[in-house]
Amino acid sequence: MNERSHHRTTALGVVFGSELLVYLAFLLFLRVEGAAGTLFVLTGIGAGWYLYDKMTAVQDFVSARFAGEKVFAMVLGLILLAVTPLFLRDTPYLIHLCLMAGIYVMLATGLNFQLGSTNIVNLATAASYGVGAYASALLNVHTGSGFWIAIFAAGGAAAFMGFILGLPTTKTKDYYLTLVTIAFGLIVYLLLNNLSWTGGPNGIGDIPPPSILGYSFRDELHFFNVRLPYQANYYYLVLFFVLLYTLISERLHHSRTGLTWNAIREDEIAARCAGIHVSRYKVLSFCINCFLDGVTGAVYAHYVCFISPENFQFMLSVVVVTMVILGGMDNTFGVVFGAVLLTLLPEKFRIFQEFRLLMYGIIVISTLVFRPQGLFPQKLRRYD
Amino acid sequence: MELIQQTINALLLGCNYTLIAIGFSLFFGALNIVHFSHGDVCILGSFVVLILYKLGSSLGLFAAWPAWIVAPGVILTAAAVTGLMGALFEKLAIKPFRHAPELMVLVATVALGLIIREALRIFYPQGANPQIFPTLLPDGGFERGALFLRYDSLIILVATVVLIILVFLFVERTRVGSAIRAVSQDTEAAMMMGISVNGTIAVTFLLGSALGAVAGILNGAYISIIRYDMGLMGGIKGFSAAVVGGLGNIYGAILGGLMLGFVETFASALIPGGTAYKDVFSFLVVIFFLVFKPSGIVGEKVFEKV
C-alpha cells in the first residue's frame, strides 16, 4: 500500500516537474531579448530537446508517467496556460504573439485532417481562412449581428467553399490536386482584391470587437486587483478555441472517420475495395477543415478589426503546411508544437531584422534534412 | 489588326511560360518532383544579368564591343551561372529527400524559394524596390498600317523558338539527352546500364534552370522592370502550363504555355474589365483541365497499378 502511494507521488512529481520545465523554457524563450540571448536560449532548448530525443529510456519513463496521470497533467497544463497573461502583462506584444500562435495552431489542426490524416496537400488554407474572415466581417459591418452568430456564418461560408473546392479534387490526385488548391486559393485572393463589395485592396475596417453581456473584448481585463491589457481577453478566447479544436481533432482521430481517412491515406484502392466511399470522405475532410479555418478567420477578423486581402496570401497557406509537416503529421501534439514554434521563431528573429525570413527558410530546410519525419512522428494507433 | 497585335502579345507571354514549363517538365521527368522554387530561380537569372551588367560597365568591358555581341554574351553567361546554381540547389535542398515522402520535397523547395527571394531582397542593393532592367534588346520597331511590331518582341519569339529546338535536339539526339530520358523512364534500369544518375539529374537541373533564367531575362528585357518577388507567380504559371500540357512532356509544356498565354491575353483584351481578372480566367482553365483531363493535352493516361 505504502509502495503504491510512493509510486503515485513520484509520478505526480515527474509530471509536475516536466511540465513546469517546458513552461519555464517557453516563458524564457518569450521574454528573452537581444540577439545573443535569443541564440543562447534557442541553443539551450535545442540541446535539451536533442538529448531528450536520444534518450529513449527517459522518454518511455516520462510518457508512461504522463499516461498514468492524464487528468493531473491536463489540469496542470490548463492552469499554466491560463496564468500566462499574468506573467506577460507588462508587454501586451508578447500576449499578442501567444494568441497569434494560437490562431496558427487552430489553422494547423484544421489542416491536419487533410494533410496528416488523408494526405491531401491543401494549399488553399488562406482562401478558407479569408472567406471566413470576410464573411463574418461583412455580416457584422452590414447587419451588426455580433461575433457569436458571425462565427457560425463564417464557418458555414467557408465550409460551403470547401465543398465547392472538394468536388473537383475527387477526380484528381497528388500534385494535380495540390495545383487545384493553389489555383483556387489564388482565385479567391484575386477576387477579394478586385471585387467592389469586399472593399478591394483597402479591405474592411471597423469590425466590432466581440462582447459578452455588454462587456467588450477591447476593454482592459480586471482580475481582482490585477489589470491585464485587452489582448488578454482575446488570449482566453483563442485558448478556448484551441482547446476545442484539439479536442475535436483528438476525437475525430480516434473515431471511425479518422480511421477511414488513414485508410485512404495508406492506400486509396484498398480503401475503396474495403467499401469506403473515398470521394465522400475526401469532400468531408475539405468541409471540416474549411469550417474550422472559417471560424479561425472570424476570430482573427474580430481581433485585428481590420482585414485586407494582404492577410490571406498564398504564403500563409505555405506556412501552415510547413507547420503541420515540421511538427509531425497526424499527431495533434506535434502539430500544435510546430505551429507555436514556427509562429514564435520568426517573431523572435525580429532582432535580426532583415534576415528573419531568410533564417526561417534555412531552419525549415535544415530541420527537414536532419529529421525528415517531422519533430513528432505519428504514433501507432493503440487499441487497448 | 488588333487581333494580330493581341496574338503577338499572347505568343510572347506563351513563350515565357513555355520556357519555365519546360524546366518543370524536365525536373518532374527526372525525379518525379515538383520544384516549387523554380520561378524564383528564373528571377534569380534576371538579377544575375543586372549584376553582370553593373560589373561589366564599371570595369569598362562593354565599351569595346558592339551591343549585338554584349547582349547575347551577358544573357548566356547569366543563364550558365543560374544553371550551375540550380544544380547546386538540387544538391542542397532536393537530393537529401530522395528517399523521403514526396511532401518533404514540396516543403523544402517552397522554403528554398523563400530563401532565394529573401536573399535577393536583402543582399541586392535596394533589392526590395523594383529594379530597372538594362536595355539588352534593341529599341523601336516598325509599323505596317495600324500594326506596330517591336523589334524586341520579334527577337524574343525567334530566340525562344531556337532555344526550344536546341533543347529538343539535345534531349533527343545526344548521349546526355538519352541519359536524361533513360533516368526519367526508369531510374534503376538506367543505373544498371551504367548511367550516372546523380550526374544526369545535375545536368537536368542545370538545363532547366538555365532555360528558366532565359525566361526571366527575356521577360525582364521586355517589360524592363523586375522585382525580387515576381518569381512566385511566374513559377505557379509555369507549373500550371506544364500540367495543362502534360507534366513530364516537352511538347506539352509548349502547348500548355501557349494556351495559358492566349487565355490570359484574350481574357483581358476581349472581356470588358477583364484585365483585373485575367489570372482568374487562366486559373479556371487550369482547374477545368485538371478535373476533366488530368493527364494534360498530350499526356498519356496513367493507369494505376495495384
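The shown structure was predicted, so the numbers you read here are calculated from the model rather than taken from an experiment.

Draft legend 1. Expanded view of the overall build of chain A. When its secondary structure is counted, chain A shows 15 helices and four strands. In terms of overall dimensions, chain A is globule-like: its C-alpha atoms have a radius of gyration of 21 Å, near the 21 Å expected for 384 residues. By its C-alpha atoms, chain A is 70 × 60 × 45 Å across when sized along the principal axes. Buried positions account for 41% of the 384 residues belonging to chain A. Long-range contacts, defined here as pairs at least 24 residues apart, represent 75% of the contacts in chain A between residues at least 6 apart.

Draft legend 2. Region of interest: the overall build of chain B. Of the regular secondary structure elements, chain B holds eleven helices and four strands. The C-alpha radius of gyration of chain B comes to 19 Å, within 12% of the 19 Å expected for a compact globule of 306 residues. With the principal axes as the frame, chain B shows a C-alpha extent of 60 × 50 × 40 Å. In chain B, the share of contacts with a sequence separation of at least 24, taken over all contacts with a separation of at least 6, comes to 75%.

Draft legend 3. Spotlight on the domain arrangement of chain A. Residue and element names in this part refer to chain A. Under the domain assignment used here, chain A contains domain 1 (1–87) and domain 2 (92–370). Computed over C-alpha atoms, the centres of domain 1 and domain 2 are 27 Å apart. Residue contributions to the side of domain 1 that touches domain 2 peak at four residues, all from helix 4 (residues 70–87). Across the side of domain 1 that touches domain 2, the residue classes break down as five nonpolar, three polar and no charged.

Draft legend 4. Focus on the pairing of strand 2 (residues 141–144) of chain B. Residue and element names in this part refer to chain B. Both strand 2 and strand 3 (residues 147–150) contribute to a ladder of four bridges, which runs antiparallel. Pairing of arginine 144 across the sheet is with leucine 147, part of strand 3. Between the end of strand 2 and the start of strand 3, which pair antiparallel, lie two residues, with glycine 145 showing a positive phi angle near 70 degrees.

Draft legend 5. Main features of the confidence of the model for chain B. When pLDDT is averaged along chain B, the result is 86; 97% of the residues meet or exceed 70. For this predicted complex, the interface score ipTM comes out at 0.81, alongside a pTM of 0.86.

Draft legend 6. Up close: the interface of chain A and chain B. Across the boundary between the two partners, chain A contributes 32 residues, which contact 35 residues of chain B. Here the side of chain A that touches chain B takes twelve residues from helix 8 (residues 174–194) of chain A, the largest share from any one element. Residues that form the side of chain A that touches chain B fall into these classes: 26 nonpolar, four polar and two charged.

Draft legend 7. Expanded view of unusual backbone geometry. Residues and elements named next belong to chain A. A positive phi angle, close to 60 degrees, is found at asparagine 119, a residue other than glycine. Examined against the element boundaries, asparagine 119 turns out to sit in the loop between helix 5 (92–118) and helix 6 (125–143). Classification of asparagine 119 by C-beta neighbours within 10 Å gives buried; the count is 21. One non-glycine residue, aspartate 206, adopts positive backbone phi at about 55 degrees. By the element assignment, aspartate 206 lies in the loop between helix 8 and strand 1 (211–212).

Draft legend 8. Main features of the nonpolar core. Residues Val107(B), Ala108(B) and Val214(B) are the most contacted members of the largest nonpolar core, which totals 201 residues. Leave out the neighbours within four places in its chain, and Val214(B) touches Leu19(B), Ile75(B), Ala79(B) and Leu163(B).

Draft legend 9. Representation of the environment of Tyr134(A). All names here are of chain A. With respect to the helices and strands, the residue tyrosine 134 is situated in helix 6. Considered as a pair, tyrosine 134 and tyrosine 50 are 84 residues apart in the sequence and their alpha carbons are 42 Å apart. When residues no more than four places from it in sequence are discounted, the contact partners of tyrosine 134 are Leu192, Thr198 and Ile307.

Draft legend 10. Quick peek at the environment of Ala213(B). All names here are of chain B. For alanine 213, the position within the fold is in helix 8 (residues 197–223). Remark: the alpha-carbon pair of alanine 213 and aspartate 40, spanning 173 residues in sequence, is separated by 9.4 Å. With sequence-adjacent residues up to four places away left out, alanine 213 is seen in contact with Cys42, Gly45, Ala78, Ala79, Thr82 and Gly83.

Draft legend 11. Structural view of the packing of helix 8 of chain A against helix 11 (residues 278–292) of chain B. Put simply, helix 8 of chain A and helix 11 of chain B touch, their axes get as near as 9 Å, and they point 155 degrees apart. Comparing the axis directions of helix 8 of chain A and helix 11 of chain B gives the class roughly antiparallel. In the crossing of helix 8 of chain A with helix 11 of chain B, the sense of the turn from one axis to the other is left-handed. For the pair helix 8 of chain A and helix 11 of chain B, the contacting residues are Tyr176(A), Leu179(A), Val180(A), Ala183(A), Phe184(A), Leu186(A), Ile187(A), Leu190(A) and Leu191(A) in the first and Asp279(B), Val280(B), Phe283(B), Leu284(B), Val286(B), Ile287(B) and Leu290(B) in the second. Its residues assigned to classes, the contact of helix 8 of chain A with helix 11 of chain B shows 15 nonpolar, no polar and one charged.

Draft legend 12. Expanded view of the confidence of the model for chain A. The share of residues in chain A with pLDDT of 70 or more is 97%, and the mean pLDDT across the chain is 84. Highest mean pLDDT in chain A belongs to helix 12 (residues 278–304) of chain A (92); lowest belongs to strand 3 (residues 221–223) of chain A (72).

What counts, and where the lines are drawn
- Residues numbered from 1 in each chain as written.
- Chains lettered and ligands numbered in written order.
- Predicted model: local features only at pLDDT ≥ 70, side-chain atom pairs only at ≥ 80, totals over all residues.
- Helix = DSSP H or I, 4+ residues; strand = E, 2+ residues; numbered from the N terminus.
- Rg over C-alpha atoms; globule rule 2.2 N^0.38 Å.
- Buried ≥ 20, exposed ≤ 12 C-beta atoms within 10 Å, placed from the backbone.
- Contact = placed C-beta atoms within 7 Å.
- Domains from an automatic or database assignment.
- Nonpolar A, V, L, I, M, F, W, Y, C, P; charged D, E, K, R; others polar.
- Pairing = 2+ DSSP bridges.
- pLDDT = per-residue confidence, 0-100.
- Core = buried A, V, L, I, M, F, W, Y, C linked by C-beta atoms within 7 Å.
- Axes fitted to C-alpha atoms, helices over the stretch in contact; angles between N-to-C directions.
- Parallel < 35°, antiparallel > 145°, perpendicular 65-115°, else oblique.
- Left-handed = near helix turned anticlockwise from the far one by under 90°.

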